Amino acid sequence: MHKVTLIPGDGIGPEVAEAARRVVDASGAGIEWHVHPAGEAQMAVSGTPLPEETLDSVRSDRVALKGPITTPVGSGFRSVNVALRKEFDLYANVRPLRSLPGVKTRYEGVDLVVVRENTEDLYAGIEHMIGDYAAESIKLITRTGSERIARYAFDYAVANGRKKVTAIHKANIMKCTDGLFLDVCRGVAAEYPQIEFTDEIVDAACMHIVQRPEQYDVLVLPNLYGDIMSDLCAGLVGGIGLAPSANIGKDCAIFEAVHGSAPKHAGKNDANPTALILSAVMMLRHLGEREAADRIEGAVLSLFAGGERVTRDIGGSLGTSEFADAVIEEMSK
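Along each chain, residue indices are assigned from 1 in the same order as the chain's sequence is written. Totals for whole chains, interfaces and linings use every residue, but because this is a predicted model, local features are given only for residues with pLDDT of at least 70 and side-chain atom pairs only at 80 or more, for both listing and counting. The side-chain numbers reported here are obtained from all heavy atoms of the structure, hydrogens and water having been left aside.

A. Highlighting the pairing of strand β6 (residues 127–130). Criterion used throughout: strands pair if DSSP finds at least two bridges between them. A run of H or I in DSSP becomes a helix once it reaches four residues, and a run of E becomes a strand once it reaches two; helices and strands are each numbered from the N terminus. The sheet contact formed by β6 and strand β7 (residues 134–137) spans four bridges and is antiparallel. Bridge pairing links E127 to S137 in β7.

Here's what the structure looks like:
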């Protein structure tokens, strides 16, 4: 029995989280859920959007499934997501992005993985005002941070039968920071001769990936570029509403949908839970529950291919809970 902290979040979070939980429970995976809150509503209750009891549960279970969270404006954490990544040193953000059957986009056959460094770069938040006329932000790239994300990307490629890793950078201009990142990636690449390695300047990569996404496999990037590129790549396959993700550290992993909490849709049972369900698939594989993961993923892909028993946003008529019912029914066939 695996112990997992479930953080429903807020807005549409509780609805998509409940859908994902029901699907996981029906898959045959042995999960003991520990449900704990986080989000905007917790400010009035706990004085923080991320209560200590939630952090304690994640520390104990070491695995969490998290719904979308609304970050309070003007108080509390800058971002609950960033706070969780810093608290548990979740250095690798992993987003597999592939074309889904029945989802109409401009592209077919996209199948790539964005591996984003998650703890440093400009997102480290080292910034300050210079008088009242300028603001300065420090771009922090370390050898340690670069090496562990590069090694994660290559280990992921080996473990998942991938053939190629591409490092994305701007080392032609930022010769110290991005230059260090690139040098470290090249050094790590030399230890994996079975994996093809290339590197590309970020602006050129953005152009090429919308021209020929099929030429990419695993991308490894510093934090800021990774944030931008992962959303760009999600756009190739239908948007972030269909994109799963994982935040991986040495001792902890948190799996989450990358879309927002959409508070205007809260309680309407019209949110598409696919991203969180597929994030749960990633979680199950992380836990070694591969058969259960494959069962869920196969059911989702079958429903998408059919095109009828899907949510309204992709041409069907089902609500959030009804789509979960459909996935569970499909798994039983």
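Having seen the model, we can carry on.
B. Highlighting unusual backbone geometry. Backbone geometry at R62 places phi at a positive 70°, although glycine is not the residue there. In this fold, R62 is placed in the loop between α3 (52–61) and β3 (63–66). Using a 1.4 Å probe on the protein chains alone, a residue whose accessible area is under 20% of its type maximum counts as buried, one over 50% counts as exposed, and one in between counts as partly exposed. Assessed through its relative accessible area of 45%, R62 is described here as partly exposed.

C. Spatial organisation of the pairing of strand β11 (residues 244–248). Burial analysis of β11 places five of its five residues in the buried class, the great majority of the element. Two strands pair when backbone bridges link them, and strand β4 (residues 92–98) and β11 are joined in this way by three bridges, in the antiparallel orientation. When the sheet's bridge partners are listed, N93 is paired in β11 with N247. Strand direction decides the pairing type here: β11 and strand β12 (residues 253–257), joined by five bridges, are antiparallel. Within β12, the residue paired with N247 across the bridge is I254.

D. Spotlight on the packing of aromatic side chains. Two aromatic rings, drawn from Phe, Tyr or Trp (for Trp, its six-membered ring), form a pair once their centres lie within 6.5 Å of each other, and the interplanar angle then sorts them: stacked below 30 degrees, edge-to-face above 60, tilted otherwise. If you walk through the whole model with that rule in mind, you get five aromatic pairs. When the ring of Y91 is compared with that of Y152, the centres are 6.4 Å apart and the planes differ by 85°; the resulting orientation is edge-to-face. With a gap of 61 residues between them, Y91 in the loop between α4 (80–87) and β4 and Y152 in helix α5 (residues 143–159) connect regions that are remote in the sequence. Here Y91 falls in the buried class, since its relative accessible area comes to 13%. Relative to F197, the ring of F154 lies with its centre 6.0 Å away and its plane at 40°, an arrangement referred to as tilted. Of this pair, F154 sits in helix α5 while F197 sits in strand β9 (residues 196–201); the two residues are 43 residues apart in sequence, bridging distant segments of the chain. Judged by relative accessible area, F197 falls into the partly exposed class, the value being 23%. Every member of this aromatic cluster is reached through a ring pair, and the members are Y91, Y152 and Y156.

E. Structural detail: the pattern of salt bridges. Only one rule defines a salt bridge in this text: a Lys or Arg side-chain nitrogen within 4 Å of an Asp or Glu carboxyl oxygen. The final tally for this structure, using the stated rule, is 25 salt bridges. Across the pair R21 and E18 runs a salt bridge, and its minimum N-O distance is 3.3 Å. Within this pair, R21 and its partner E18 are both found in helix α1 (residues 13–26), separated by three residues, close to a single helical turn. By relative accessible area, E18 is classed as partly exposed at 35%. What you see here is one network of salt bridges that share partners, running through E52, D56, R59 and E87.

F. Main features of the sheet that holds strand β10 (residues 218–221). Taken in spatial order, the ten strands of this open sheet run β2-β1-β3-β12-β11-β4-β5-β10-β8-β9, and their pairing is mixed. Either end of the sheet is taken by a strand with one partner, and the two such strands are β2 (31–35) and β9. Taken over all neighbouring pairs, the strand axes of this sheet differ in orientation by 25° on average, direction set aside. By the bridge criterion, seven bridges tie β4 to strand β5 (residues 111–117) in an arrangement that is antiparallel. Bridge pairing in β5 places V94 opposite V115. Whether two residues touch is decided by their heavy atoms; if any such pair falls within 4.5 Å, the residues are in contact. The axes used here are C-alpha line fits, helices contributing only the stretch in contact, and every angle between their N-to-C directions lies in the interval 0 to 180 degrees. Set on the sheet, helix α7 (residues 202–211) makes contact with β5, β8 (164–169), β9 and β10; between it and β9 the angle comes to about 105°.

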